[in-house]
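# Structural features, examined
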Amino acid sequence: MPAPATGSAPAPVNPRSRVLVASLIGTTIEFYDFYIYATAAVLAFPQLFFPSSDPTTALLSSFAVFGAAMVARPIGAVVFGHLGDRLGRKKTLVVSLLTMGIATFLIGVLPTYAQAGWVATALLVLMRLAQGFALGGEWSGAALVATENAPRGKRALYGTFPQLGAPLGFIIGNGLFLGMGALLPSAAGADPSQPSEAFVSWGWRVPFLFSAVMVAIGLWVRSRLVESAVFARTRESGGVRRLPLATVVRSHGKQLVLGTFIMLATYVLFYLMTTFSLSYGRAAKDAAVPGLGYGYTTFVLMMIFGVLFFAAFTLVSGPLADRYGRRATLIWITAAIVVFGLVWVPLIELGTLGVVLWLVLGFTLMGMTFGPMGALLPELFPTSVRYTGSGISYNVSSILGAAVAPFIAVALWETGDGSPWLVGVYLSAMAVLTLIALLLGKETKDVSLDDREAVADEPARAPAGSPAP
């Protein structure tokens, strides 16, 4: 009788295509949700959910709900980070995507203030909080799927695929809104920059309902993933932490703070080039707070052109960060962001060509700074707390750089009597803070993700089948 085999079958691995699609699809939906809410917050939500005699007050109220989701994101980062570091990346990503998809779809069927009064506004706030909570665990999980499954020397390149969700989500979300605007144009003689009655009545709902299709695709792809070998080995060796949050705060507090401020300029630039620029570009030149005076369709097409550079340079940044290092690459890019914030007005004063150049430069820098983050933040933390640590850094930065950015930008825009020069200075100041964090940090390019080191001041879970201590 032949002897039984002593070796075990090799652990299943994720095909490269599945890793890249699974990491890309969730962040695409994440940013798609952001863009469609940000667009609806400008075009429809002020009058549908926040009626006010002062248009600026209604717009700020709409942005306040946008900011509420950012506040919920760190809470989601803690909860989903705990699940991801305890149970694994795959299960956590499926739950976060499902939660996000349900919340987005429900926004598309909400009653308006005219139909349900304050209840409608409260429900919108609740759905935005649910979105923010789910998104708190989405990015870090997607980044870990990409980087923990990346070949040697290509971690930053693989890490750019979750980041590509930002430009793809922009194109899909704004493309749908442009399509709805074309199908439901403003009445003859009306302001072309303002949405039609049909769009405000029901057209804005279509992009939110369409998200169900994207979520279904994402769930199908992610359900076929297997756990990364890096996390599987950590679990088998007993390296899973009982309380990842306590461990990361106690033993990796410096990395949390550095990661938060390293992301700061990226977040501020992102929300200024998308949310603020749309408001500034569409505002009439003779308004109380004047803007550029472009029609909605014209300006969004200009933005989409800029976003193409965002996508291209996100991919370019990966090989650069793999070759020269994340820290070195980001120091130069952040310095360029400081300069960019100081030349807003000279660029915009060149007319349409200058406005396009402003958008192209802004989105190019966005791609260059955003791309390496998919590798850098996970590399700051060991496997046992990587989901929690990278998620908290990423999402706390969303409060400092994203939740408050629309309010600060609008206030500075008004203070400048319609000139955005103070908004540009604000961007430069935030980039200086990021530059300081980068200079205080260390290079992570050669850090191994396959660590199974136990944390001395907290007992790890023993491997299955081993005797209790």
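Per-chain numbering applies: the sequence of each chain, read as written, is numbered from 1 onward. Given that this is a predicted model, residues contribute local features only at a pLDDT of at least 70 and side-chain atom pairs are listed and counted only at 80 or more, while totals for whole chains, interfaces and linings are drawn from all residues. Values shown for side chains rest on all heavy atoms present in the structure; no hydrogens or waters enter the calculation.

## Side note on the pattern of salt bridges
Only one rule defines a salt bridge in this text: a Lys or Arg side-chain nitrogen within 4 Å of an Asp or Glu carboxyl oxygen. Evaluated as defined, the whole model comprises eight salt bridges. Close ionic contact of Glu379 with Arg155 constitutes a salt bridge, the shortest N to O distance being 2.7 Å. Remark: Arg155 occurs in helix α7 (residues 155-163) and Glu379 occurs in helix α19 (residues 373-379); sequence separation between them is 224 residues. Taken as a pair, Glu379 and Arg155 share a single burial class, namely buried. Linking Arg326 and Glu379 is a salt bridge whose minimum nitrogen-to-oxygen distance equals 2.7 Å. In this pair, Arg326 sits in helix α16 (residues 326-342) while Glu379 sits in helix α19, placing the two residues 53 residues apart along the sequence. A single burial state applies to Arg326 and to Glu379, both of which are buried. Among the charged side chains, a network of salt bridges with common partners joins Asp85, Arg89, Glu148 and Arg386. A run of H or I in DSSP becomes a helix once it reaches four residues, and a run of E becomes a strand once it reaches two; helices and strands are each numbered from the N terminus. Exposure is judged per residue with a 1.4 Å probe applied to protein chains only, and the accessible area is read against the type maximum: over 50% gives exposed, under 20% gives buried, and values in between give partly exposed.

## Section: the packing of helix α15 (residues 296-324) against α16
The geometry of α15 relative to α16 is characterised by a closest axis approach of 6 Å and an angle of 125 degrees between their N-to-C directions. As summarised for this structure, α15 and α16 are arranged oblique, according to the angle between their axes. Residues Leu320, Ala321, Asp322 and Tyr324 of α15 lie in contact with α16, whose contacting residues are Arg326, Ala328 and Thr329. To get an axis, a line is fitted to the C-alpha atoms, and for a helix only the part in contact is used. The angle between two axes follows their N-to-C directions and goes from 0 to 180 degrees. Note that the term roughly parallel is reserved for angles under 35 degrees, roughly antiparallel for angles over 145, roughly perpendicular for angles of 65 to 115, and oblique for everything else. Should any heavy atoms of two residues lie within 4.5 Å, those residues are considered in contact.

## Observations regarding the side chain of Thr444
In this fold, Thr444 is placed in the segment after α22 (421-440). Here a polar contact is taken to be a pair of N or O atoms separated by no more than 3.5 Å, where protein atoms must pair a possible hydrogen donor with a possible acceptor and residues adjacent in sequence count only if both atoms sit in side chains. Of the polar contacts made by the side chain of Thr444, one reaches the side chain of Glu379; its length is 2.5 Å. With near-sequence residues (within four places) excluded, Thr444 lies in contact with Arg155, Arg326, Leu376, Glu379 and Leu380.

## Here we look at the confidence of the model for the protein chain
Residue-level pLDDT values for the protein chain average 85, and 89% of them are 70 or greater. Every residue in residues 1-10 scores below 50 in pLDDT, and together they form zero contacts with partners more than four places removed in sequence or on other chains. The quantity called pLDDT is the predictor's confidence in a given residue, expressed from 0 to 100.

## Some words on empty space enclosed by the protein
In this analysis, the protein atoms alone were mapped onto a 1 Å grid. Cavities are point sets where a 1.4 Å probe fits without being able to get out; pockets are open sets with protein on both sides within 12 Å along at least five of seven lines; lining residues have an atom within 4 Å of a point. Grid points are joined across faces, edges and corners, and a volume is the space filled by probe spheres set on the points. This model, assessed by the stated rule, comprises four cavities of 30 Å³ or more. By volume, the largest cavity is sized at about 80 Å³. What lines the largest cavity is Glu30, Phe31, Asp33, Phe34, Ala69, Met70, Arg73, Arg128, Gly132, Leu135 and Tyr271. Mapped by element, the contributors of at least two residues to the lining of the largest cavity are α1 (16-43), α3 (55-86) and α6 (118-148). Among the residues forming the lining of the largest cavity, the class breakdown is six nonpolar, one polar and four charged. The calculated volume of the second largest cavity comes to roughly 60 Å³. As for the second largest cavity, its lining consists of Phe34, Tyr35, Ala38, Thr39, Phe170, Asn174, Thr274, Thr275, Leu278 and Met303. Looking at the lining of the second largest cavity, the elements that each hand over two or more residues are α1, α8 (165-183) and α14 (264-282). The leading source of residues in the lining of the second largest cavity is α1, at four residues. Here the term charged refers only to Asp, Glu, Lys and Arg, the term nonpolar to Ala, Val, Leu, Ile, Met, Phe, Trp, Tyr, Cys and Pro, and the term polar to all other amino acids, Gly among them.

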